[in-house]
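So the chains spell out like this:
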Amino acid sequence: MTTIIPLPAQIQLDERQFCLNPGAKIIVSNDSAEVFWVGSSLAAKLRPATGFALPVQIGTQPAAGDIFLAFGADDPSLGEEGYELFSTPEAVTLRAAGAAGLFYATQTLRQMFPAEIENPLEQPNLAWTVQCGHIRDIPRYAWRGMMLDLGRHFFSVETAKRLVDLLAYHKVNVLHLHLSDDQGWRIMIESWPWLALHGGSTATNGDPGGFYTQDDYRELVAYAAQRYITIVPEIDLPGHTNAALASYEELNENGVSPNLYTGIKVGFSSLSVHKEITYQFVDDVVREIAALTPGAYFHIGGDETLSTSEEDYVYFIERVQKIVARHGKCMIGWEEIGKTKLNSDAIVQHWWNKEVTARAAAQGAKIIASPAAKAYMDIKYHEHTTIGQNWTGAYTEVREAYDWEPVEILEGVAEESILGVESALWTETIFTRGNLDFMVFPRLCGYAEIGWSPREGRDWESYRQRLDEHGKRLANLGVQFYRSEQVDWQ
Ligand code: NGO
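Residues numbered from 1 in each chain as written. Predicted model: local features only at pLDDT ≥ 70, side-chain atom pairs only at ≥ 80, totals over all residues. Heavy atoms only, no water.

All right, on to the sheet that holds strand S8 (residues 143-149) then. Taken in spatial order, the eight strands line up as S8-S9-S12-S13-S14-S15-S16-S17 and close into a barrel, and their pairing is parallel. The mean angle between the axes of side-by-side strands here comes to 30°, regardless of whether they run parallel or antiparallel. (Pairing = 2+ DSSP bridges. Helix = DSSP H or I, 4+ residues; strand = E, 2+ residues; numbered from the N terminus. Axes fitted to C-alpha atoms, helices over the stretch in contact; angles between N-to-C directions.)

This paragraph deals with the domain arrangement of the chain. Under the domain assignment, the chain is made up of domain 1 (10-137) and domain 2 (143-456 + 470-476). Spacing between the C-alpha centres of domain 1 and domain 2 amounts to 35 Å. Counting from both sides, the interface comprises 22 residues of domain 1 and, opposite them, 14 residues of domain 2. A buried area of about 1700 Å², summed over both sides, lies between domain 1 and domain 2, and 51% of it is on carbon and sulfur atoms. When the area that domain 1 buries against domain 2 is broken down by residue, the three leading residues are Trp37, Tyr104 and Gln111, summing to 35%. For the pair domain 1 and domain 2, the interface holds one salt bridge. In this assembly, domain 1 and domain 2 are joined by 12 residue pairs in polar contact (both at pLDDT 80 or more). (Domains from an automatic or database assignment. Contact = heavy atoms within 4.5 Å. Buried area = accessible area lost by both parts, 1.4 Å probe. Salt bridge = Lys/Arg side-chain N within 4 Å of Asp/Glu carboxyl O. Polar contact = N/O pair within 3.5 Å; in protein donor to acceptor, adjacent residues only side chain to side chain.)

Another aspect to go through is empty space enclosed by the protein. In this structure the tally under the stated criterion is one cavity of 30 Å³ or more. For the largest cavity, the calculated volume is near 50 Å³. Surrounding the largest cavity, Arg144, Gly145, Val172, Val421, Leu444, Tyr447, Ala448 and Gly451 form its lining. Breaking the lining of the largest cavity down by element, the ones donating at least two residues are S8 and helix H14 (443-452). (1 Å grid on protein atoms, 1.4 Å probe; cavity = no way out; pocket = protein on both sides within 12 Å on 5 of 7 lines; lining within 4 Å. Points joined across faces, edges and corners; volume = space filled by probe spheres on them.)

Further remarks concern the nonpolar core. Leu20, Trp185, Tyr217 and Phe281 are the most contacted members of the largest nonpolar core, which has 137 residues in total. There are two domains that each give this core at least three residues, and those are domain 1 (10-137) and domain 2 (143-456 + 470-476). Beyond its immediate chain neighbours, meaning those up to four positions away, Tyr217 contacts Leu177, Leu179, Ile187, Tyr212, Ile231, Pro233, Ile289, Leu292 and Thr293. (Core = buried A, V, L, I, M, F, W, Y, C linked by side-chain atoms within 4.5 Å. Buried < 20%, exposed > 50% of the residue type's maximum accessible area, 1.4 Å probe, protein only.)

Moving on to helix H3 (residues 157-169). With 13 residues, H3 should cover 18 Å at 1.5 Å per step; its first-to-last C-alpha distance of 18 Å lies within 8% of that length. Judged by how many residues are buried, H3 sits mostly within the fold: 11 of 13 residues are covered. By the burial criterion, the buried members of H3 are Val157, Thr159, Ala160, Lys161, Arg162, Leu163, Val164, Leu166, Leu167, Ala168 and Tyr169. (Expected span 1.5 Å × (residues − 1).)

Across the interface, H3 lies against helix H5 (residues 214-226) with an axial gap of 10 Å and an inter-helix angle of 10°. Here H3 is positioned roughly parallel relative to H5, judged by the angle of their axes. Every residue of H5 that contacts H3 at Val157, Ala160, Lys161, Val164 and Asp165 is listed here: Asp216, Glu219, Leu220, Tyr223 and Ala224. Looking at the contact of H3 with H5 residue by residue, the class counts come to six nonpolar, no polar and four charged. (Parallel < 35°, antiparallel > 145°, perpendicular 65-115°, else oblique. Nonpolar A, V, L, I, M, F, W, Y, C, P; charged D, E, K, R; others polar.)

What follows concerns the pattern of salt bridges. Summed over the entire model, instances satisfying the criterion amount to 29 salt bridges. Put simply, Asp66 and Lys25 hold a salt bridge, and the shortest N to O gap is 3.3 Å. Within this pair, whereas Asp66 is found in the loop between strand S3 (56-58) and strand S4 (67-71), its partner Lys25 is found in the loop between strand S1 (10-20) and strand S2 (26-28), the two being separated by 41 residues in sequence. Judged by its relative accessible area of 1%, Asp66 falls in the buried class. For Arg359, the salt bridge is made with Glu355, and the minimal N-O distance between the two is 3.7 Å. With a gap of four residues between them, Arg359 and Glu355 both fall in helix H9 (residues 354-362), about one helical turn apart. Among the residues examined, Arg359 registers a relative accessible area of 37% and is labelled partly exposed. Through salt bridges that share partners, Arg140, Glu405, Glu408, Arg455 and Arg458 make up one connected network.

Next comes the structure, spelled out in structure tokens:
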């Protein structure tokens, strides 16, 4: 039985084994820097625990005992992200048409070694075996995301990079950064510096604030891109803007800035929809962030604008939509933007209201499924979870986070309109790395499987059993995950 998460689309294993030995090499078939990097990153993951040298070399075939990365477009049906893995007692071959696919093959291979392979310290006297067989694997959805709320609490570039590594390990390909909210503005905008300097100075509860400089953000974007993760920046508009309103009085209807906000209420703030300066502000922010972001998307928020009239909301979003398009990005918004007239490339992120989401889909928008009752990782696991919230009216245990189907949740949305799945970590109550680990893992593993694995192969009992072994991998990676009683952790 395999323990790989997300479960590969097709997998046949037999009783034979490949064993990685001290003299093994990693051979890459192609001398492009990108493919060489994929080989090198695999070597870097396998070296600490094995203590082997694992040199990376260019070659046309593996010698006995090697791992071979065969890159080429001879099987276009694998797409950019698909791959094959062949393991025999002589060698392991990873094959892909796209570099992302090759990278995902290496993530699968990591999960075929004993769990101690992820230990940062050398583990002597262990046999580094891989079961023999064949895997052919292609993702179900193009969009497999996670959102991190930096507005309510700020997380350093180091913490975000560590999260990127863990996402890549689960073949997640989007990290959506919620960069602004009432409680904090988290990215330097050079034409409006007080947004970050003042608006970013605190956080929920009066905890320490912080913001990414443009260089920090660039560094994170590049780090993620190397791991085939697209960063999607979100600036939440026109509500959830107290931090911006507190930083610049001209953005306020009455010209007076409110105080910084450290509570957790939502829906009380709004930009001034009828002031021209508002659109200058939005234009500058979108322009600067778009220039730093190679990814195709810009998320404008648009949720919970309880203090903006419906008429003003429609006017505002339709104007902002033009600004985003002018800066060359595809607009994403929370489901509420479904109430406005959307461009044909708009993407809508469902979180609560199925009817507005269906209206967006009827206009041709593609839908990302982030149903709060299933995919919000700030929701408590059970009544005794000490951090987290439970406003959805239910708890989200590991099974509840796994056992749902986007096609069924999104009533009134055609299957072809579903772009994929995104889980969300809102951070009103979450502010240490340990808090983050605990709320995200192992739920994230389940979302990764919903996004990647074919619907027919998904099954709670199989997942539950794989999670047991996967827990050892997470522990070796230093992840302080939640040990749910639904799983028989060894
Ligand atoms: C809502 C709200 C967020 C909260 C979150 C808490 C959306 C899209 N807006 O989701 O501001 O942080 O719930 O679970």
